[in-house]
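# Structural description and commentary
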2 protein chains.
Amino acid sequence: MRNHAAGSPHKAVTIYDISRLAGVSPATVSRVLSGSARVSEAKRKAVLQAVQDSGFLPNALAQSLASSRTHTIGFLVPDIKNPYFSSIYYHVEILASQNGYAVLLANSRGAFENESRILQALTGRRVDAIVFMGGRIDAFPCSAAGIAELEKFNRMVPLLLTSRVEGTSIPQLCSREDGAVLALMRHLSEQGCRTFAILGGAEDVSVLHRRRALMLACGCRFGMVTQPKWALTDTGFSIESGRQAAAQLLQCGELPDAVCCINDMVAAGALQQLRSDGLQIPQDLLLTGFDGEVFSEVVDPGITTAAFDYPDFAQRIFDLLMRGIHQEPCAPVTELYPHLTIRGSTRREAP
Amino acid sequence: MRNHAAGSPHKAVTIYDISRLAGVSPATVSRVLSGSARVSEAKRKAVLQAVQDSGFLPNALAQSLASSRTHTIGFLVPDIKNPYFSSIYYHVEILASQNGYAVLLANSRGAFENESRILQALTGRRVDAIVFMGGRIDAFPCSAAGIAELEKFNRMVPLLLTSRVEGTSIPQLCSREDGAVLALMRHLSEQGCRTFAILGGAEDVSVLHRRRALMLACGCRFGMVTQPKWALTDTGFSIESGRQAAAQLLQCGELPDAVCCINDMVAAGALQQLRSDGLQIPQDLLLTGFDGEVFSEVVDPGITTAAFDYPDFAQRIFDLLMRGIHQEPCAPVTELYPHLTIRGSTRREAP
DNA sequence: TTGTACGCGTTATCAA
DNA sequence: TTGATAACGCGTACAA
């Protein structure tokens, strides 16, 4: 059974067909449709009429080949299931769509080879710009070869990295977390917290190093300390890794006053595990996450977190993309500031 | 400051450059790269060497224009932030990528005009096929004009609808939920449930009608009944709508034994609201969701749900897409069966 | 204002 | 096995 009607010889309509129908030249059709030059009202109406009647849809491939602009953006993330990435993508795509851009979205699963393959696929398709998230640009230490490859591609198409990468002039959009972490640790301190654990992350991912260093430094500033046995920081960034890290924490015997998780997914997993072992959050233990993902507000109690403003995040990305595409000047590094969002997981009813 | 190096005249390499470097004709270069015809080993090596040296990347636009195949798929969802859609997309995109396809992903936000605009953008870019999810094909009653427009596009590019739509021959992949709902209601009955409420959904969305009818019918079969005041079925499909519906339910005075939610997001929101009002799940009230989204397993207690096998879901989509692209025969309607997944929200420790 | 002709970078059809 | 040469569908100088 043939469902798709392409079997029938439905040759696509071209501007030549339109030019014949409207009794004008192909160039005039092009002019009317693109508005690139003035056309007499009569011919103009004839063309538009012919377009209507024939259901003409310009072939974007031919347009792009001639104009060398695809009005298409490439977007590379490790995993679109991760709400952090899907939130950003959602808002960027809407902005793009409203401005005549379509977006190619690929999942790298964080693997170097996949990233390379995807970059090639996107570049081959001549996307106007590429947003690169996760994977190699979050690696610790960062791979020189990986960055070199990015620079190679950046010579062919404007790239935008959403992490801080030293030693490259590729534009970067990164988060500046010192203010939020300071506020977070101050808040914990005000809730009577003296000791804290750090959960989740991976030693080969820079965000762990960055956030851990900030937590330790800011915690110290408020007289809060941690212990080596409470540093369960190489379990990953997933919900499941949060469960595992929490399970390990429970086997320490001694518990800290607070558990600071590397992100909200880990926090959600940890919360689940801690509760299933009979602990009350926040009565027995304070809990914090990071990023302001949807998980932080759907679990009970809600998780205190350092949240990004995703619509703003996306707007920044889109602006930088447009600058890249139009070869306008832009700062090499743009910073984003997450803000502390206090929820039930750190709010003790009776202080 | 100019970051992107496109300012310098880095003209892209073409097969003409390669042909000159390798001392062969452009046609031979094309043959080597596509493997479309036999080429002598000597010239073959010369071409590949030139490709290596120059860092040549074929212009996919030109390839597509000449071959009329883009190796690109269009994907239209209401909201990629919704884990139901991001799960499906994730797996489909990986399959596509592994098979040389890239995917354009657009968010329609469920709006008819956006869907039309996106279909046009995708078709104009000559994608090889389009996956259409949500929005008009989930509408109740279904809009004849909407379907007519889909058929118009289906004449230009193979479409795949992920809902059941009567009166069209466009291929459809839909879920067959009678088995799962029957198992669900039986399970509730075995847990001692005699009365139940239905939460979430929208009267103008078909999934509500379908699932509600099944729940009522299957519930009846096990002697379970509901009441009009417990039908809070026009609040939406979001987490927030789950909170609202639950809040309304609590004002009924009398509570049912179980709360059946239209999906897992509603269930997660309802759970949050019910707990914050002091109700114990599952002790005071059983709770169920639908779809097997990540929310159902991250909250506490886990939510009993009818879960899809997302990797399989995606595989089906991809297979149907390939059939459409290659104009191979395919069943007009393919069915998918979610399976009952029992979690803490309906499991009473002491029966 | 309008039309002609060429270029964009491939694939594909012919001869040779 | 190869190499001209013609599509593919559009933008755009250039000329009229």
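The name given to chain A in an unreviewed UniProt entry is LacI family DNA-binding transcriptional regulator, with the source organism recorded as Caproicibacterium argilliputei.

Here we take up the overall build of chain A. From N to C terminus, chain A includes 13 helices and 12 strands. Scaling as 2.2 N^0.38, a compact globule of 351 residues should have a C-alpha radius of gyration of about 20 Å, whereas chain A reaches 26 Å, well beyond that. Counting only C-alpha atoms, chain A reaches 85 × 45 × 40 Å along its principal axes. Look at the contacts in chain A between residues 6 or more apart in sequence, and 73% of them connect residues 24 or more apart. As displayed, chain A has an accessible area near 14500 Å², and 52% of this comes from carbon and sulfur atoms. Looking at charge distribution, chain A has the averaged site of its 33 positive side-chain charges lying 9 Å from that of its 34 negative ones.

On the UniProt side, "domain: HTH lacI-type" (unreviewed entry) is annotated at positions that read residues 13-67 of chain A here. Taken as a whole, residues 13-67 of chain A contains 71% helix and 0% strand, while its terminal C-alpha atoms sit 20 Å from one another.

Residues and elements named next belong to chain B. Its place among the elements puts Leu21 in helix H1 (residues 15-22). Along the primary structure Leu21 and Ala50 are separated by 29 residues, whereas in three dimensions their C-alpha atoms are 6.0 Å apart. If we ignore the near neighbours within four places in the chain, the residues touching Leu21 are Ala50 and Ser54.

Another point: the pattern of salt bridges. Going through the model one piece at a time under the given rule, you end up with 34 salt bridges over all chains. For Arg44 of chain B, the salt bridge identified is with Glu41 of chain B, shortest N-O distance 4.0 Å. Taken together, the positions of Arg44 of chain B and Glu41 of chain B, both in helix H3 (residues 41-54) and 3 residues apart, correspond to about one turn of that helix. By relative accessible area, which is 33% here, Arg44 of chain B ends up partly exposed. Take Glu41 of chain B: its relative accessible area is 51%, and that puts it in the exposed class. Taken together, the shared-partner salt bridges connect Glu177, Arg210, Arg211 and Asp291 of chain A into one network.

Inspection of the region around DNA strand D gives 23 residues, with Ile15 and Ser30 of chain A together with Thr28, Arg31 and Ser40 of chain B positioned closest. One of the backbone N or O atoms of Ser25 of chain B is found 3.0 Å from a phosphate oxygen in DNA strand D. A distance of 2.4 Å is found between a base nitrogen of DNA strand D and a side-chain nitrogen or oxygen belonging to Arg31 of chain B. Only helix H1 (15-22), helix H2 (26-34) and helix H4 (60-67) of chain A together with helix H2 (26-34) and helix H4 (60-67) of chain B provide two or more residues apiece to the surface near DNA strand D. A per-class count over the surface near DNA strand D returns 12 nonpolar, 7 polar and 4 charged.

Calculation criteria
- Residues numbered from 1 in each chain as written.
- Chains lettered and ligands numbered in written order.
- Predicted model: local features only at pLDDT ≥ 70, side-chain atom pairs only at ≥ 80, totals over all residues.
- Heavy atoms only, no water.
- Helix = DSSP H or I, 4+ residues; strand = E, 2+ residues; numbered from the N terminus.
- Rg over C-alpha atoms; globule rule 2.2 N^0.38 Å.
- Contact = heavy atoms within 4.5 Å.
- Areas by Shrake-Rupley, 256 points an atom, 1.4 Å probe, with all protein chains shown as cover.
- Lys, Arg positive; Asp, Glu negative; His and termini not counted.
- Charge placed at Lys NZ, Arg CZ, Asp CG, Glu CD.
- UniProt positions renumbered as here; feature names shortened; annotations may be inferred.
- Salt bridge = Lys/Arg side-chain N within 4 Å of Asp/Glu carboxyl O.
- Buried < 20%, exposed > 50% of the residue type's maximum accessible area, 1.4 Å probe, protein only.
- Near = heavy atom within 4 Å.
- Polar contact = N/O pair within 3.5 Å; in protein donor to acceptor, adjacent residues only side chain to side chain.
- Nonpolar A, V, L, I, M, F, W, Y, C, P; charged D, E, K, R; others polar.

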